[in-house]
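Observations on the model geometry
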Amino acid sequence: MRLGLRDIQLVPEQQGYGVGSWAIQQAQAIAASRGFQMLQLRAYEENPAKALYARLGFKIQSSVGGTIQMVCELPPNQALKLSDFSSHLVLSSTLSPFGSSHDYSSYHRI
């Protein structure tokens, strides 16, 4: 069973902070926990995010008309458990009126 991932886009100012990796990894974990064996996506051949997808386990399955189809095999029994979240930290950030600024000084344990 496959689950398709569609339309993940980050504005350039938010790239490079790990948000894309986090989003893909969350999709992988949720798909696996729901019994899917594969996660698939499409991207343009010139999309620099291809490197991110490859780093996270996606392989090119086909290439047609400038678009590539990538798939990632998901490990079985990777269900999320409540205990998996017991030691995660949540980062709070602020937005200044002069643009994006990140304030990593306050961490909250959930």
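The notes below deal with the structure included here. (Residues numbered from 1 in each chain as written. Predicted model: local features only at pLDDT ≥ 70, side-chain atom pairs only at ≥ 80, totals over all residues. Heavy atoms only, no water.)

1. Observations concerning helix α1 (residues 19-33)
- Taking 1.5 Å per residue as the helical rise, α1 with its 15 residues ought to reach 21 Å, and the 21 Å between its terminal C-alpha atoms agrees with that figure.
- Among the residues making up α1, those that are buried are G20, I24, A27, Q28, A29, A31 and A32.
- Tucked into the core, α1 has its buried residues touching β1 (2-4), β2 (38-44), α2 (50-55) and β4 (67-73).
- The positive-phi residue at the C-terminal boundary of α1 is G35, with phi of around 90 degrees. (Helix = DSSP H or I, 4+ residues; strand = E, 2+ residues; numbered from the N terminus. Expected span 1.5 Å × (residues − 1). Buried < 20%, exposed > 50% of the residue type's maximum accessible area, 1.4 Å probe, protein only. Contact = heavy atoms within 4.5 Å.)

2. Remarks on the pairing of strand β3 (residues 59-64)
- Among the six residues of β3, zero are classified as buried, and the element is accordingly described as predominantly exposed.
- Summarising the sheet, β3 and β4 pair through five bridges and their orientation is antiparallel. Across the sheet, the residue bridging to S62 is Q69, located in β4.
- With antiparallel pairing between neighbouring strands as the criterion, β3 and β4 make up a hairpin whose turn holds two residues, including G65 at a positive phi of roughly 55 degrees. (Pairing = 2+ DSSP bridges.)

3. Here's the deal with the side chain of Q28
- Within the secondary structure, Q28 sits in helix α1.
- A distance of 2.9 Å separates a polar side-chain atom of Q28 from the backbone oxygen of L56. (Polar contact = N/O pair within 3.5 Å; in protein donor to acceptor, adjacent residues only side chain to side chain.)

4. A short note on the environment of P75
- On the secondary structure map, P75 appears in the loop between β4 and β5 (89-91).
- Here P75 falls in the partly exposed class, since its relative accessible area comes to 43%.

5. A look at a nonpolar patch on the surface
- A cluster of nonpolar residues, L10, Y17 and V19, forms a patch on the protein surface that exposes about 240 Å² of accessible area.
- Looking at the secondary structure, you find L10 in the loop between β1 and α1. (Patch = residues over 30% accessible without salt bridge, like charges linked within 9 Å, V, L, I, M, F, W, Y side chains within 5 Å. Areas by Shrake-Rupley, 256 points an atom, 1.4 Å probe, with all protein chains shown as cover. Salt bridge = Lys/Arg side-chain N within 4 Å of Asp/Glu carboxyl O.)

6. Here we look at the sheet that holds β3
- Sheet architecture is open: four strands sit in the order β1-β2-β4-β3, paired in mixed fashion. Edge strands, defined here as strands with exactly one partner in the open sheet, are β1 and β3. Taking the axes of each pair of neighbouring strands and ignoring which way they run, one obtains an average angle of 25 degrees across the sheet. (Axes fitted to C-alpha atoms, helices over the stretch in contact; angles between N-to-C directions.)

7. With respect to the packing of aromatic side chains
- Within the structure shown, the criterion is met by one aromatic pair.
- Ring geometry for Y53 and F58: centres 6.1 Å apart, planes at 65 degrees, overall edge-to-face. Assigned by exposure class, Y53 and F58 land together as buried. (Phe/Tyr/Trp six-rings, centres within 6.5 Å; stacked < 30°, edge-to-face > 60°.)

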